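One-letter residues, chain by chain:
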Amino acid sequence: MGFKKFLVKRAITMFGVLMATLLLTIILVGSNMDSISKQSAALDIRQQVTNNKSLLSSFKTTEQLDSYIDNQVKMRITALGLDQPWYSPQRIGLSMYKILTLDFGHAKFLTSDSGSSDVRDIILEKLPRTILLFTTATAIVSVLGIFLGAVAASKVNSKIDKITSGFAIISSSFPVWWIGVLMIFVFAFLYPIFPARATPDVPASDPRYLGSLLYHMALPLITLVIIGFGSWAYLVRNFLVGVLQEDFITAKRAEGIDEKHILFSHALKNAAPPIVTILALSLSGSFGGAIITEAVFDWPGMGRLYFEAISVLDLPVIIGATYVLTAFFLVSVFVADVLYGYFDPRVRRQ
Amino acid sequence: MSFSARAVWKEFSHSKIGMTGVSILLILFAMSIVAFVTIPLDSFKTWNDPASWLLYPKSAQPAWVNYFQSEKIPEHLILSPVSSSQQLDSVTVLTDSFAVNYQYDGFPSDFIYQYAAKYSGSPLLQISVTRPDGTDLHLVSTSLPFASNDTVYNSMIFSTQNVILKNIADKRSNYAFSLDGISSEKIIFSKLDENKILKGLYVFHVHLYDVSTKPVLEKSRLILGGQVYGVMGTDELRRDLSIGLLWGTPLALFIGITVSIGSVVIGLIYGVYAGYKGSTTDEVLMRFNDIIYAMPALPLLIILAVTIGNSIFLIVGFLVIFGWVGIAKVSRSMAMQIKTLQYVEAAQLMGQKNYKILFKHIMPQLLPYAFASIAISVPGAIITEAGLSFLGLGDPTFPTWGQILHDASSYSAAARGMWWWIMPPGIMIAVTGLAFVFMGHAMDGIVNPKLRQR
C-alpha cells in the first residue's frame with residue numbers, strides 16, 4: 001500500500017469518527033434540544049404578538065388571541081421542521097449538515113465576552129486561549145522531557161535516571177486538577193504570588209491585555225508542566241534506551257564519535273517517530289483534559305466554556321464545542337499518523 | 001511465550017516495586033473492611049443529610065495538629081457518660097458523669113448537653129460541674145414536661161441559655177473580675193483571679209430525680225465545642241471527613257477494579273476474535289474500534305452523565321465503553337501471532353470448534369498480559385471518575401473522594417486555607433493509583449522480557 005492510499009484511508013476513518021461522534025452527541029441531547037427549540041419558538045412568537053399593538057387590539061377576546069398565537073406557533077414549528085420527531089432522518093441530516101458547515105446556531109444562555117450569542121463567535125473567542133495555554137505547556141513539557149529523558153537514558157540506573165522514573169510514575173498518579181487546586185492553595189493564598197482566578201482582569205481591548213493574560217496563565221502553565229514533564233522524560237528515556245542498544249550506535253561509538261553527539265543527533269533522530277506521535281497525541285489529549293483544568297483555574301477557554309454549557313445545559317454550545325474539540329482531537333491524531341507513516345515506512349505496509 | 005502461574009508469581013514476589021504495590025493494596029482492602037465493619041451503612045447514607053452531623057464542629061482541623069503547636073487548640077469533644085443510679089427513700093436519682101481532663105490553651109466555644117429521657121411523671125434534671133480547684137458550679141435545674149404514662153423526651157441544653165449565667169452569678173464573689181458580658185463557658189472554665197483558661201479535670205454531673213418510677217437516660221452526650229476534631233477534621237457542613245475518606249476506599253476500589261476488569265474482558269474477547277477471524281470480520285471490527293478509539297472520551301463522558309444519568313453503576317458502564325479499545329488493539333495483534341503457531345493450526349486441522357480454540361488455546365496465552373492491563377488501567381478509571389465527580393457529575397448518594405473535592409472547591413476550601421479538606425482525598429486517589437501502577441509495572445516486566453534490559 002502506498003503512502004497516499006494510507007493517508008486516504010486514515011482520512012476516511014477520521015471523517016467517519018467525526019460523523020459518529022456528532023451523531024452520538026445529537027442522539028444524546030436531541031430530545032432535550034427539541035423541546036427547548038419548540039419552547040423558544042413559542043416564546044418568540046408570543047413576544048412578537050404582544051409587542052405589536054395594532055395586531056393586539058384587533059382581537060376581541062383572549063381565546064381569539066390564544067388561538068391565533070397557537071396557529072402561528074404551529075406554522076413556525078412546521079417552517080423550522082420541528083413538527084417531525086427529532087430522530088427523523090431529515091432532522092438529523094439537517095442538523096449534521098448545519099454543524100458541518102460550522103453553523104451552530106445561537107446559544108441559549110451563554111454569550112461571548114463581546115456579548116454575541118452566536119455559538120461560532122463564542123467558540124472563536126475561547127479557542128485561541130485554550131490553544132495558547134496548552135500548546136505552550138506541551139512545548140515546555142516536551143523540551144524539558146526530551147532533554148531530561150536523554151540525560152537519563154545516557155546514564156541508565158544512575159541516580160538521575162532513578163529519580164526521573166520515580167517522579168514520572170508518582171506525578172502521573174495524581175489528577176492534574178487536584179495538583180491545580182493545591183497550587184492555587186499554596187501560590188495564590190498561602191504565598192500570594194499568582195492570581196487565583198486565571199481570567200485576565202482587563203478588557204481585551206486594553207493594550208495591557210496580553211501581559212495580564214500571560215501573568216494569569218502562569219499558575220495553570222506551571223501546574224501542567226509539573227504534572228507533564230516527568231512522564232515525558234520517562235517515555236523519551238525508554239525509547240532512547242532501546243535505540244542506544246542498536247548496532248549502528250555501537251558502530252558510531254567505535255568510530256570514536258562523541259557520546260553527546262551520538263545521543264542528541266543519532267539516537268534522538270531514530271527515536272523521533274514515536275516521540276513525535278506521542279507529542280501530537282498528548283497535545284490533543286490535553287484539550288480533552290482542559291475541561292477540568294480550566295474549570296479549576298477559571299481559565300476562559302474552551303474547557304471552561306464546555307463546563308459552563310454543561311452546567312446550564314446550553315445545548316447548541318455543547319454540540320458546537322464537542323464538534324470543535326473532536327475535530328481538533330482528530331486532526332492531531334491524523335497528523336500523528338501521517339508523521340509516523342512518514343518517519344517509519346514499516347507502518348504503511350501493514 | 002508460555003507462563004505458568006507459579007513462575008509468574010515467583011518472579012513477581014521478587015520484584016520490590018510489585019510487592020510495594022501489593023502491600024499498599026492490602027492496606028486499602030483492610031481500610032475497606034474497617035469501613036464496612038465500623039461504619040454502619042446507614043450512617044454513610046446520611047452523608048448528605050445535614051441533620052445527622054449537628055453534633056460535629058464546623059470546618060475543624062484534624063486533632064493531631066495540636067502535636068505541632070505550642071498553643072493547644074481546644075478539641076471538639078463528644079463525651080459519653082459514666083452512669084450510676086441511687087435510691088433515696090422514694091426518690092430515684094440517676095447520675096451521668098462526664099469527666100474531661102481539659103488541657104487546651106483556649107476556652108471551648110460552647111457546650112451542649114443532649115439527652116433522651118424515658119419517664120413518666122415529671123422528673124427534675126440538674127446539671128452541675130466540679131472544677132479542678134474543687135469548686136462546684138450549679139448550672140441548670142429544670143423539670144421535664146409532665147407525662148402521665150411512659151414517654152421519651154428528646155432535648156438539648158445549650159451553654160447559651162440565660163438560666164446558666166444566672167445560676168453561675170451566685171458564685172460571682174469567687175471571681176476577681178466582673179462576669180458581665182462574659183459567656184457561660186468562659187466563666188466555668190476560667191481561673192478565679194483572671195479570665196484565663198484553668199486547665200485540669202472537670203467533671204460534669206447530670207442528675208435526674210424522679211419520685212414515681214425509675215427513669216432512663218438514653219443518648220446522653222455532652223459536647224464541648226472546639227476547633228479541632230478527629231483524625232481528619234470536618235468540613236464546612238460539619239461532616240466528619242474521616243468517614244468520607246474511609247468510605248471512599250471501597251468505592252474507589254470498586255470503580256477502578258470493575259471498570260478495568262470489564263474493559264479488559266471485553267477488549268480481550270473482541271480483539272482475539274477479530275485477530276483470529278481475520279479478513280472482513282477483522283476489518284469491520286477494527287474500523288469500529290478505530291472510531292471509538294478516536295472519540296474524545298471526557299466530553300462524551302460528561303454528555304452521557306448529564307443526559308443518561310449519573311448513578312455510580314452507569315458511570316462504571318460509561319468508563320468501560322471508552323476503556324476496552326486499546327486492549328482490543330493489542331490483543332488482536334497478539335492473537336494474530338498466536339494463531340499462526342503450529343499447535344493452533346493442529347487444533348484447527350483436528351476439527352476443533354472455533355470457540356474452543358479461542359478460549360482454550362489462545363486466551364490462556366494472553367492472560368498475563370490481561371492481568372498487567374487490568375492493573376495498569378485501574379488508576380485511569382479512578383482518576384476519571386474522580387474528575388467527573390469533581391465537576392459535580394458524580395453519583396451524589398455515594399461520597400467518593402472526587403465528590404469530597406467537589407464540595408471542597410464549591411466551598412472554596414483552597415481560598416480559606418482548609419488544607420485538611422483538599423489534601424487527603426487527592427493523596428488517597430494517588431496512593432490507590434500508585435498501588436496498581438506498581439503492580440502493573442512489575443507484571444509488565446515479567447510479561448515483556450524485552451523491558452528488562454532497559
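Here goes a summary of the coordinates provided. (Residues numbered from 1 in each chain as written. Chains lettered and ligands numbered in written order. Predicted model: local features only at pLDDT ≥ 70, side-chain atom pairs only at ≥ 80, totals over all residues. Heavy atoms only, no water.)

1. Some details on the overall build of chain B
Thought 1: Helix and strand counts for chain B come out as 14 helices and 9 strands.
Thought 2: Principal-axis analysis of the C-alpha atoms places the extent of chain B at approximately 105 × 50 × 45 Å.
Thought 3: By residue count, 50% of the 454 residues in chain B fall in the buried class.
Thought 4: In chain B, of all internal contacts separated by at least 6 residues, the share reaching a separation of at least 24 is 76%. (Helix = DSSP H or I, 4+ residues; strand = E, 2+ residues; numbered from the N terminus. Buried < 20%, exposed > 50% of the residue type's maximum accessible area, 1.4 Å probe, protein only. Contact = heavy atoms within 4.5 Å.)

2. Overview of the overall build of chain A
Thought 1: Regarding its fold elements, chain A presents 14 helices and 0 strands.
Thought 2: Ordered by position in the sequence, the α and β elements of chain A form the string α-α-α-α-α-α-α-α-α-α-α-α-α-α.
Thought 3: The C-alpha radius of gyration computed for chain A amounts to 27 Å, which surpasses the reference 20 Å derived for 350 residues by more than 25%, pointing to a less compact arrangement than a globule.
Thought 4: Across its three principal axes, chain A shows a C-alpha extent of roughly 100 × 60 × 35 Å.
Thought 5: In chain A, which comprises 350 residues, the proportion classed as buried is 46%. (Rg over C-alpha atoms; globule rule 2.2 N^0.38 Å.)

3. Some thoughts on the packing of helix H2 (residues 16-38) of chain B against helix H14 (residues 419-447) of chain B
All names here are of chain B.
Thought 1: The geometry of H2 relative to H14 is characterised by a closest axis approach of 7 Å and an angle of 140 degrees between their N-to-C directions. It follows that H2 is oblique to H14 by the angle criterion. You can see that H2 and H14 cross each other, and the crossing is left-handed. Only Met-428, Val-431, Thr-432, Ala-435, Phe-436, Phe-438, Met-439, His-441 and Ala-442 of H14 make contact with H2, whose side of the interface consists of Ile-17, Gly-18, Thr-20, Gly-21, Val-22, Ile-24, Leu-25, Leu-28 and Met-31. (Axes fitted to C-alpha atoms, helices over the stretch in contact; angles between N-to-C directions. Parallel < 35°, antiparallel > 145°, perpendicular 65-115°, else oblique. Left-handed = near helix turned anticlockwise from the far one by under 90°.)

4. Re the sheet that holds strand E2 (residues 82-88) of chain B
Backbone hydrogen bonds hold the strands of a sheet together, and the pairing may be parallel or antiparallel.
Residues and elements named next belong to chain B.
Thought 1: Across the sheet, which stays open at both edges, the 5 strands sit in the order E2-E3-E8-E5-E6 with antiparallel pairing between neighbours. Each edge of the open sheet carries a strand with a single partner, namely E2 and strand E6 (136-143). Taking each pair of neighbouring strands and ignoring which way they run, the sheet shows an average axis angle of 20 degrees.
Thought 2: Sheet topology places E2 next to strand E3 (residues 91-102); 7 bridges connect them, and they run antiparallel. By the bridge assignment for E3, Gln-86 is matched with Val-93. (Pairing = 2+ DSSP bridges.)

5. Some words on the side chain of Asn-238 of chain A
Thought 1: Residue placement: Asn-238 of chain A occurs in helix H8 (residues 209-244).
Thought 2: Judged by relative accessible area, which is 14%, Asn-238 of chain A ranks as buried.

6. Some thoughts on the packing of helix H1 (residues 5-14) of chain B against H2 of chain B
Residue and element names in this part refer to chain B.
Thought 1: Relative to each other, H1 and H2 sit at 90 degrees, their axes nearing to 5 Å. Considered as vectors, H1 and H2 are oriented roughly perpendicular to each other. On the side of H1, the interface is formed by Trp-9, Phe-12, Ser-13 and His-14, while H2 contributes Lys-16, Gly-18, Met-19 and Val-22.
Thought 2: Taken together, the residues that form the contact of H1 with H2 break down as 4 nonpolar, 3 polar and 1 charged. (Nonpolar A, V, L, I, M, F, W, Y, C, P; charged D, E, K, R; others polar.)

7. Some remarks on the environment of Pro-250 of chain B
All names here are of chain B.
Thought 1: Note on placement: Pro-250 falls in helix H6 (residues 241-277).
Thought 2: Sequence spacing of Pro-250 and Phe-36 is 214 residues, and the spatial spacing of their C-alpha atoms is 8.7 Å.
Thought 3: What Pro-250 contacts, discounting residues up to four positions off in sequence, is Ser-32 and Phe-36.

8. Looking at the pattern of salt bridges
Thought 1: Under the criterion given, the structure shown has 18 salt bridges over all chains.
Thought 2: For the salt bridge of Arg-237 of chain A with Asp-161 of chain A, the shortest nitrogen-to-oxygen distance reads 2.5 Å. Pair noted here: Arg-237 of chain A is in helix H8 and Asp-161 of chain A is in helix H6 (residues 159-171), with a separation of 76 residues, a long-range link. Here the two residues Arg-237 of chain A and Asp-161 of chain A agree in accessibility, since each one is buried.
Thought 3: Among the ionic pairs, Arg-416 of chain B bridges to Glu-236 of chain B, the shortest N-O distance being 2.6 Å. On the criterion of sequence distance, the pair formed by Arg-416 of chain B in the loop between helix H13 (401-410) and H14 and Glu-236 of chain B in the loop between strand E9 (216-224) and H6 is long-range, its members being 180 residues apart.
Thought 4: Judged by its relative accessible area of 16%, Glu-236 of chain B is buried.
Thought 5: Through salt bridges with shared partners, a single ionic network connects Lys-9 and Arg-10 of chain A together with Glu-283, Arg-287, Asp-290 and Lys-329 of chain B. (Salt bridge = Lys/Arg side-chain N within 4 Å of Asp/Glu carboxyl O.)

9. Examining the interface of chain A and chain B
Thought 1: Residue-level contacts link 46 residues of chain A with 42 residues of chain B.
Thought 2: Approximately 3,700 Å² of surface area, both sides summed, lies buried where chain A meets chain B, with 82% of it carried by carbon and sulfur atoms.
Thought 3: For the pair chain A and chain B, the number of links is 2 salt bridges.
Thought 4: The closest approach of N and O atoms between Asp-290 of chain B and Arg-10 of chain A, which form a salt bridge, is 3.7 Å.
Thought 5: There are 3 residue pairs in polar contact (both at pLDDT 80 or more) connecting chain A and chain B.
Thought 6: Elements that contribute at least two residues to the side of chain A that touches chain B include exactly helix H1 (3-51), H6, helix H7 (176-190), H8, helix H11 (272-297), helix H12 (302-312) and helix H13 (315-343) of chain A.
Thought 7: By residue number, the principal contributor to the side of chain A that touches chain B is H1 of chain A, which donates 11 residues. (Buried area = accessible area lost by both parts, 1.4 Å probe. Polar contact = N/O pair within 3.5 Å; in protein donor to acceptor, adjacent residues only side chain to side chain.)

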